[in-house]
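# Summary of the model geometry
So you can see what is in the structure, the chains are spelled out below.
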Amino acid sequence: MNSWADLQAFSFAQVVEGGAGSPLTIAILYQAIAIECGLALDLIVLEEGNYAVLSMGMWVIDPYSKCLLMSAEEVAELFDVDLPLRPSSLREVSIALVKQRLFFEWSSITGVYEPAFRLPLDGEEGLDLALGCFEDVSFSYSSADERGERDERGERDEGAEADEAAEGSISPFFLVQDERGQECLAHCVRAAEKLRVLERNDPPSRIRHAVLLYHNRRYADATDVLNDLLTEASETTDDVLNERTTANMAILAAKCRLLGSVCR
């Protein structure tokens, strides 16, 4: 059993005790048990850690589905990956674990935990979200004092209105409050910093970091990261740093500079 909205699903101690957890956490524990029993099973991370299976040659064990036995061909078709299935390295498993924590904290802000519907942080879509290009999504920030002033004036809370309007669907408005919301954003930024190291400071990891710094209102830091990327884009040819992505990074950098000057 897995709950994307439950942080305990990613805790090894809690999974051992309760028997419920994320597919990646369960697969890692099963592999450790298999090694103790003398069985050589390769861990294969799928969908950025949203899923994971154990491979033994032509056959694959799915620990999350009560150790369902599948062929490698079935897994390749189901998850759209190439054959032969390649075991994940320790670095790749570490990246997946950090991403799962980042996704959980990000989802705690937006209220969208299902991976298929999670709001983007990476690449062009992450930049589009930061620039307000998603018509149905917007972010706002408020402090406890500001919320108290609205209550005194008899104004409704925008977050509550969004929840009522959404009725279980993706909320069109996200109110990032200074307590839990800011704490989640801080966790996201720290996870993004770790991913930059694990992913060897590649452009996608830096774009993600810049986007999260922007959402966390660390505008000067976001500008520095974006300026470094823009300098690199002008000097090299990279599929990730294409013309559209570079243009959006320049716009977001300008937006950060403007907001930074206003917030001083």
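Keep in mind that what you see is a predicted model, and the values were worked out from it rather than measured. (Residues numbered from 1 in each chain as written. Predicted model: local features only at pLDDT ≥ 70, side-chain atom pairs only at ≥ 80, totals over all residues. Heavy atoms only, no water.)

Once that is clear, we can look at the overall build of the protein. A count of helices and strands for the protein gives 11 helices and six strands. The proportion of buried residues among the 264 residues of the protein is 44%. By sequence separation, contacts in the protein at least 24 residues apart represent 56% of the contacts at least 6 residues apart. Of the roughly 14200 Å² that the protein leaves accessible, carbon and sulfur atoms contribute 52%. (Helix = DSSP H or I, 4+ residues; strand = E, 2+ residues; numbered from the N terminus. Buried < 20%, exposed > 50% of the residue type's maximum accessible area, 1.4 Å probe, protein only. Contact = heavy atoms within 4.5 Å. Areas by Shrake-Rupley, 256 points an atom, 1.4 Å probe, with all protein chains shown as cover.)

Our next topic: the packing of aromatic side chains. Counted by the stated rule, this structure contains five aromatic pairs. Ring centres of Y51 and Y64 lie 5.7 Å apart, and the angle between their planes is 90°; this geometry places the pair in the edge-to-face category. A residue pair is termed long-range when its members are at least 10 positions apart, and Y51 in strand 2 (residues 51-56) and Y64 in the loop between strand 3 (59-62) and strand 4 (68-71) qualify at 13 residues. Overall, the relative accessible area of 15% leaves Y51 in the buried class. Classification of Y64 as partly exposed rests on a relative accessible area of 26%. Their ring planes at 55° and their centres at 6.0 Å tell us that Y214 and Y219 sit as a pair that is tilted. As far as burial versus exposure is concerned, Y214 and Y219 are alike and both buried. Each residue in the set F10, F104 and Y113 is aromatic and connected to the rest through ring pairs, giving one cluster. (Phe/Tyr/Trp six-rings, centres within 6.5 Å; stacked < 30°, edge-to-face > 60°.)

A contiguous nonpolar surface patch, about 450 Å² in accessible area, is contributed by M56, M58, W59 and L69. When you line up the elements, M58 lands in the loop between strand 2 and strand 3. (Patch = residues over 30% accessible without salt bridge, like charges linked within 9 Å, V, L, I, M, F, W, Y side chains within 5 Å. Salt bridge = Lys/Arg side-chain N within 4 Å of Asp/Glu carboxyl O.)

A few words now on the environment of D122. With respect to the helices and strands, D122 occurs in the loop between helix 4 (90-110) and helix 5 (123-130). The spatial distance from the C-alpha of D122 to the C-alpha of V211 is 8.1 Å, given a sequence separation of 89 residues. Beyond its immediate sequence surroundings of up to four residues, D122 is in contact with E48 and R208. A distance of 2.7 Å separates polar atoms of two side chains, one belonging to D122 and the other to R208. (Polar contact = N/O pair within 3.5 Å; in protein donor to acceptor, adjacent residues only side chain to side chain.)

The next thing to look at is the confidence of the model for the protein. Regions with low pLDDT should not have their predicted coordinates read in detail. Confidence in the prediction of the protein, expressed as mean pLDDT, is 84, and 81% of residues score 70 or more. Ranking the elements of the protein by mean pLDDT puts helix 7 (residues 158-166) last with 41 and strand 1 (residues 42-46) first with 97. (pLDDT = per-residue confidence, 0-100.)

Pairing within the open sheet is antiparallel, and its four strands lie in the order 1-2-3-4. Every other strand in the sheet has two partners, leaving strand 1 and strand 4 as the edge strands with one partner each. Averaged over all pairs of adjacent strands, the angle between strand axes in this sheet comes to 35°, irrespective of strand direction. Two elements, strand 2 and strand 3, share three bridges in a ladder whose sense is antiparallel. In the strand pairing of strand 3, M56 is matched with W59. Docked against the sheet, helix 2 (residues 23-36) engages strand 1 and strand 2, running at close to 30° with respect to strand 2. (Pairing = 2+ DSSP bridges. Axes fitted to C-alpha atoms, helices over the stretch in contact; angles between N-to-C directions.)

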